[in-house]
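What follows is each chain in one-letter form.
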Amino acid sequence: MTASSPAGIRSLDVATRRLRTHVLSSGPDSGTPVVFVHGNVSSARFFARILADLPSRWRGLAVDLRGFGESQTLPVDATRGLRDFSDDLHALLEAPAAGLTGSPVHLVGWSMGGGVALQYAMDHPGWVASIALLAPMSPFGFGGTLDASGRPCWPDFAGSGGGTAGPELVQRIKQGDRSESSTFSPRSVLNALYLKPPRRMPADEEESLVTAMLSTTVSDGNYPGTQQPSQHWPFAAPGSLGVNNAISPKYCNLEGFAAIDPQPDVLWIRGAEDKIVADCSLADPGYLGHLGVIEGWPGADIFPPQPMIAQLRAVLDQYARAGGRFEEVVIADCGHSPHLEYPLEVAGLLTQFLGRQ
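Procedures and definitions
- Residues numbered from 1 in each chain as written.
- Predicted model: local features only at pLDDT ≥ 70, side-chain atom pairs only at ≥ 80, totals over all residues.
- Heavy atoms only, no water.
- Helix = DSSP H or I, 4+ residues; strand = E, 2+ residues; numbered from the N terminus.
- Rg over C-alpha atoms; globule rule 2.2 N^0.38 Å.
- Buried < 20%, exposed > 50% of the residue type's maximum accessible area, 1.4 Å probe, protein only.
- Contact = heavy atoms within 4.5 Å.
- Areas by Shrake-Rupley, 256 points an atom, 1.4 Å probe, with all protein chains shown as cover.
- Lys, Arg positive; Asp, Glu negative; His and termini not counted.
- Charge placed at Lys NZ, Arg CZ, Asp CG, Glu CD.
- Axes fitted to C-alpha atoms, helices over the stretch in contact; angles between N-to-C directions.
- Parallel < 35°, antiparallel > 145°, perpendicular 65-115°, else oblique.
- Left-handed = near helix turned anticlockwise from the far one by under 90°.
- Nonpolar A, V, L, I, M, F, W, Y, C, P; charged D, E, K, R; others polar.
- Phe/Tyr/Trp six-rings, centres within 6.5 Å; stacked < 30°, edge-to-face > 60°.

A separate point is the overall build of the protein chain. Helix and strand content of the protein chain: 11 helices and 12 strands. For a compact globule of 357 residues, the expected C-alpha radius of gyration is about 21 Å, and the protein chain comes in at 19 Å, within 12% of that figure. Judged by the C-alpha coordinates and their principal axes, the protein chain covers about 55 × 50 × 40 Å. Taking all 357 residues of the protein chain together, the buried fraction comes to 59%. A separation of at least 24 residues holds for 71% of the contacts in the protein chain among residues at least 6 apart in sequence. Split by element, the accessible area of the protein chain, about 13,100 Å² in all, is 53% carbon and sulfur. With 26 positive and 36 negative side-chain charges, the protein chain shows a separation of 3 Å between the mean positions of the two kinds.

Structure below.
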């Protein structure tokens, strides 16, 4: 089952030098390119509505990352952090079939896609005109860090990587579960964590978003990835393959973004009630241990809840001290998906931000 899209959204397959990449697009081919990068357990379909709402001067391009949506499935080398995704994106933007001119693009990254956008700016700073971050991941990944500087809780980075994914969610994605029979079904995760309850999308939109989540390739090389046993709580350390290992702080460190040159403007939009990227995240073993959900928690002095918001703010403050500019916008009564929960407000913020560039 393919996730349907609103009228005016076009579907395109682009053969690049790295893989076949699927893209959703909107607007005129001559428009200024705005490239949207999705998060984990999702796809480009999560941007369909905002693509449809972009003013006609912009050409929107939402990319399916490898192993998600309708793009080709290839393994993720986690030892490169997010660079497989960054390199895939660059190959797409260079591909003649994408119809871009080689001029800098505006990047919009949601959740993990925000990390990909920052990695891309580090790898190809001259290609980036601006960056908008929607509920972006910490620059030090997910799990296993102590403080705003990203210091690891354990030397083997236990508490991050493929072993931290909920096994029931993984199985239900693999089985194509569309039910709401468990708190760990993709539909339940969408409504409880991606959105702020009791908000729900219209029924047809919810079905398309669940379909997008189910497009996630479950394998050792993709989601969630491999793991290693650890002597340290919670006794799982990152492996070398897969998405969740690529966003482990063992391999993912985006602090270098603060020193890039040139320095595109950054807009950071987040929901005040986000439960995934937060200083008290329900995706973080440190916070789950604090709540008693994971037994044996060694305490806040050894494995505190990861300060994800503080970590990103610390890096962006470094960026500002080096001469860059960023703006932070917090949307009240909003969870992890501002572009789904408040599409008109986010479209307006993006339009204003892009119009200033």
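From this point on, the discussion continues.
Turning to its location among the elements, D220 is positioned in the loop between β7 (218–219) and β8 (223–224). By relative accessible area, which is 53% here, D220 ends up exposed. Considering only alpha carbons, one finds D220 and S240, 20 residues apart in sequence, at a separation of 9.4 Å. Not counting the four nearest positions on each side in its chain, D220 is found in contact with G225, T226, L241 and G242.

Glancing now at the packing of helix α2 (residues 83–94) against helix α3 (residues 112–123). The N-to-C vectors of α2 and α3 enclose an angle of 70°; their axes lie 9 Å apart at closest approach. The angle between the axes of α2 and α3 places the two elements in the roughly perpendicular class. For the element pair α2 and α3, the recorded crossing hand is right-handed. Of α3, the residues touching α2 (which contributes R83, F85, S86, D87, L89, H90 and L93) are M112, V116, Q119, Y120 and D123. When the residues that make up the contact of α2 with α3 are grouped by side-chain class, the tally is six nonpolar, three polar and three charged.

Attention shifts here to the packing of helix α5 (residues 186–194) against helix α6 (residues 203–214). Their axes nearest at 9 Å, the elements α5 and α6 cross at an angle of 110°. For the element pair α5 / α6, the angle class is roughly perpendicular. Touching P186, R187, V189, L190, N191 and Y194 of α5 are E206, E207, L209, V210, M213 and L214, all from α6.

With that settled, the discussion passes to the packing of aromatic side chains. On inspection of all chains with the given rule, the structure shows six aromatic pairs. Taken together, a centroid distance of 5.2 Å and an interplanar angle of 20° make the contact between F46 and W110 stacked. Separated by 64 residues along the polypeptide, F46 in the loop between β3 (32–37) and α1 (48–53) and W110 in strand β5 (residues 105–110) bring together distant segments of the chain. Considered together, F46 and W110 belong to a single accessibility category, that of buried residues. Here the aromatic residues F46, W110 and Y194 are joined through ring pairs into a cluster of three or more.

Honestly, that's just the spatial picture; any functional story needs more than this.
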